[in-house]
Amino acid sequence: MSQSKRAELIRKALMLFYRNGFHATGMDLVARETGVSKTSIYKHFRTKEELILAVLRLRDENFRNWLYRRMEELADTPKGQLLAMFDALGEWFREDNFKGCMFIKASAEFQEHDHAINAQAYAHKQLLVDHFEALARQAGLPDPHVSARQLLILKEGAIVIAAMSHTDISAKEAKRIAEGLLA
């Protein structure tokens, strides 16, 4: 399998896992939906979990690139970007294919703290905190780490409520709370 075919397999598997969940998506379905035989899949990924880890790495890269870019497009100050995160989330929540956070789902399906998939999901959240902390520091907030953690909690809660309610209201509500935290 060429690198481009491998990348296409990971991209298509990402859509399947996001739509159906990790445990509910069997390798037969992955093979059928991607057009790649199970034999070929297993030549590149020894286990389904290895494929899931590759999917999570791609999702992490795609999501963070999108989120950071949108925050920068929506605001030109560090504090403004932190608040703009919730506007970007609201846009995501309104997308037809919004199904919540893939990393929250991964940690829910692979709950053991030492499981590689759980660790990969948490690593994504830590990268977000690091970015938020850098922005909070640039904004001159008194405790950038605490502010970053609070914003992450607001972000995650907004995502869960949006997935459950099928509305974008939680993004607006979280932004109002964030304004108070950052005041």
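Quick note: structure is the one above.
Conventions we followed
- Residues numbered from 1 in each chain as written.
- Predicted model: local features only at pLDDT ≥ 70, side-chain atom pairs only at ≥ 80, totals over all residues.
- Heavy atoms only, no water.
- Helix = DSSP H or I, 4+ residues; strand = E, 2+ residues; numbered from the N terminus.
- Contact = heavy atoms within 4.5 Å.
- Buried < 20%, exposed > 50% of the residue type's maximum accessible area, 1.4 Å probe, protein only.
- Lys, Arg positive; Asp, Glu negative; His and termini not counted.
- Salt bridge = Lys/Arg side-chain N within 4 Å of Asp/Glu carboxyl O.
- Phe/Tyr/Trp six-rings, centres within 6.5 Å; stacked < 30°, edge-to-face > 60°.
- Lys NZ or Arg CZ within 6 Å of the ring centre and 35° of its normal.

Caption draft 1: Layout of the side chain of His124. Along the chain, His124 turns up in helix α7 (residues 116-138). Residues in contact with His124, not counting those within four places in the same chain, are Asp60, Phe63, Arg64 and Phe103.

Caption draft 2: Molecular detail of unusual backbone geometry. A positive phi is found at His166, a non-glycine position, where the angle reads about 60°. Residue class for His166 comes out exposed when judged on its relative accessible area of 69%.

Caption draft 3: Representation of the side chain of Arg59 in the model. Checked against the element boundaries, Arg59 lands in helix α4 (residues 48-74). Buried charged residue Arg59 carries no salt bridge. Nearest counter-charge: Glu95, at 7.1 Å. Sequence-distant contacts of Arg59, defined by excluding residues within four places in its chain, comprise Leu14, Trp92, Met102 and Phe103.

Caption draft 4: Main features of the packing of aromatic side chains. With the rule as written, the count across this model stands at eight aromatic pairs. For the pair Trp92 and Phe93, a centre-to-centre distance of 5.9 Å together with 40° between the ring planes defines the contact as tilted. Phe93 matches Trp92 in its accessibility class, with the two residues each being buried. Here the aromatic rings of Phe93 and Phe98 are separated by 5.0 Å at their centres, their planes lie at 50°, and the arrangement is tilted. What makes Phe98 buried here is its relative accessible area of 12%. Through pairs of rings, three or more aromatic residues link up here, namely Phe63, Trp66, Trp92, Phe93 and Phe98. Above the ring of Tyr18, the side-chain terminus of Arg59 is found at 5.4 Å from the ring centroid. Over the ring of Tyr18 we find Lys105; its NZ or CZ atom is 4.7 Å from the centre of that ring.

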